[in-house]
Amino acid sequence: MRKPQFIAEQGRKPSGLLGQIVARVMAKETADENGFALELLQPRPEDAVLEIGCGHGETLAKCAKIISRGSLCGIDFSPVMHRHAKRRHRRLVAEKRIEFHFGSNDWLPFDDQSFDKVFAVHTIYFWKTPLDHLAEAHRVLKPEGRFVLGFRPAEDAGFRATYPSEIYYIRPEAEVAKLTRDAGFEAGDLKRHVRGKLQFSFVIGTRAQDKSA
Ligand SMILES: C[S@@+](CC[C@H](N)C(=O)[O-])C[C@H]1O[C@@H](n2cnc3c(N)ncnc32)[C@H](O)[C@@H]1O
């Protein structure tokens, strides 16, 4: 059944009281595919990691079990999600092991080549101009850094039938892979993950070695 617009809008940018509930539910609902994304990201203890559209921050908190000497950063443009993530992971924030930034990921408040690993899961649907977002992800990634983009693709008919196209831009795998290459990544593998009737796709990109170095 097609979700009403106000529910779909909560996926795009959780807000108000309902948004606080959505934040809790989403952390559980998306844990499985985010765990898969983390495996593909291959974090090492010394890595600087950025998640764009980090929402509740649960995936970064899991990643903190691996990142002992590096750093973890998340960015999200929903005030409700931003507050929720900071509160939920206050110990890691106080220990300065995670930073949660508030803002839109088509203008990242980070220097060029700041991160070894960048990832985003379930956020590309909300990017009207995806190249702007992907180009930013590429800009902040270090040469030879790894990028993982997880999403439900247009090939998943159930997903297309459930979410209103006015809010969710649901794209085929090949289009997402091309966008990733157009943003400058060397787009390599496409991986798939299935949970029941749900289909998830992951495009893995790398930033080319800096030839001037
Ligand atoms: C469906 S949730 C996914 C959250 C988390 N990545 C996950 O997989 O559970 C989408 C998140 O992306 C955020 N978001 C959407 N568009 C964004 C943008 N342009 N800049 C920053 N965050 C954005 C929303 O606020 C929301 O928290």
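Here's a quick rundown of the structure.

**With respect to the overall build of the protein chain**
Point 1. What the protein chain contains, in helices and strands, is nine helices and seven strands.
Point 2. At 16 Å, the protein chain has a C-alpha radius of gyration in line with the 17 Å of a compact globule built from 213 residues.
Point 3. Projected onto its principal axes, the C-alpha positions of the protein chain cover 55 × 40 × 30 Å.
Point 4. In the protein chain, buried positions account for 51% of the 213 residues.
Point 5. Look at the contacts in the protein chain between residues 6 or more apart in sequence, and 72% of them connect residues 24 or more apart.
Point 6. When the accessible area of the protein chain is evaluated, it comes to approximately 10,500 Å², of which 53% is carbon and sulfur surface.
Point 7. Each charge sign in the protein chain was given a centre, from 34 positive and 28 negative side chains, and these centres are 6 Å apart.

**Some thoughts on a nonpolar patch on the surface**
Point 1. A surface patch of nonpolar side chains, amounting to about 420 Å² of accessible area, comprises Phe6, Ile7, Leu18, Ile21 and Val25.
Point 2. Secondary structure elements with two or more residues in the nonpolar patch: helix H1 (5-12) and helix H2 (16-29).
Point 3. Ranked by residues supplied to the nonpolar patch, first place goes to H2 with three residues.
Point 4. For Val25, the position within the fold is in helix H2.

**Here's the deal with the layout of surface pockets**
Point 1. Put simply, the largest pocket is a space of about 1,100 Å³.
Point 2. The wall of the largest pocket is formed by 46 residues, among which Gly11, Met26, His122, Phe126 and Tyr168 lie closest to the centre.
Point 3. Those elements that provide at least two residues to the lining of the largest pocket are H1, H2, helix H3 (31-41), strand E2 (71-76), helix H8 (157-162) and strand E7 (198-206).
Point 4. Class assignment for the residues of the lining of the largest pocket results in 20 nonpolar, 17 polar and nine charged.

**Observations concerning the packing of H1 against H2**
Point 1. In the contact formed by H1 and H2, the axes pass within 10 Å of each other and the chain directions differ by 65°. H1 and H2 meet at a crossing whose hand is right-handed. Residues Phe6, Ile7, Gln10 and Gly11 of H1 lie in contact with H2, whose contacting residues are Leu18, Gly19, Val22 and Met26.

**So, empty space enclosed by the protein**
Point 1. For the coordinates displayed, the defined rule picks out one cavity of 30 Å³ or more.
Point 2. The wall of the largest cavity is formed by Ala27, Ala31, Asn34, Gly35, Leu38, Glu58, Thr59 and Lys62.
Point 3. When contributions to the lining of the largest cavity are tallied by element, the ones reaching two or more residues are H3 and helix H4 (58-63).
Point 4. In terms of residue count, H3 provides more of the lining of the largest cavity than any other element does, four residues in total.

**A few points about the side chain of His138**
Point 1. Within the secondary structure, His138 is located in helix H7 (residues 130-140).
Point 2. When sequence neighbours within four positions are dropped, the list of residues in contact with His138 reads Ala183, Gly184, Phe185 and Arg207.

Parameters at a glance
- Residues numbered from 1 in each chain as written.
- Predicted model: local features only at pLDDT ≥ 70, side-chain atom pairs only at ≥ 80, totals over all residues.
- Heavy atoms only, no water.
- Helix = DSSP H or I, 4+ residues; strand = E, 2+ residues; numbered from the N terminus.
- Rg over C-alpha atoms; globule rule 2.2 N^0.38 Å.
- Buried < 20%, exposed > 50% of the residue type's maximum accessible area, 1.4 Å probe, protein only.
- Contact = heavy atoms within 4.5 Å.
- Areas by Shrake-Rupley, 256 points an atom, 1.4 Å probe, with all protein chains shown as cover.
- Lys, Arg positive; Asp, Glu negative; His and termini not counted.
- Charge placed at Lys NZ, Arg CZ, Asp CG, Glu CD.
- Patch = residues over 30% accessible without salt bridge, like charges linked within 9 Å, V, L, I, M, F, W, Y side chains within 5 Å.
- Salt bridge = Lys/Arg side-chain N within 4 Å of Asp/Glu carboxyl O.
- 1 Å grid on protein atoms, 1.4 Å probe; cavity = no way out; pocket = protein on both sides within 12 Å on 5 of 7 lines; lining within 4 Å.
- Points joined across faces, edges and corners; volume = space filled by probe spheres on them.
- Nonpolar A, V, L, I, M, F, W, Y, C, P; charged D, E, K, R; others polar.
- Axes fitted to C-alpha atoms, helices over the stretch in contact; angles between N-to-C directions.
- Left-handed = near helix turned anticlockwise from the far one by under 90°.

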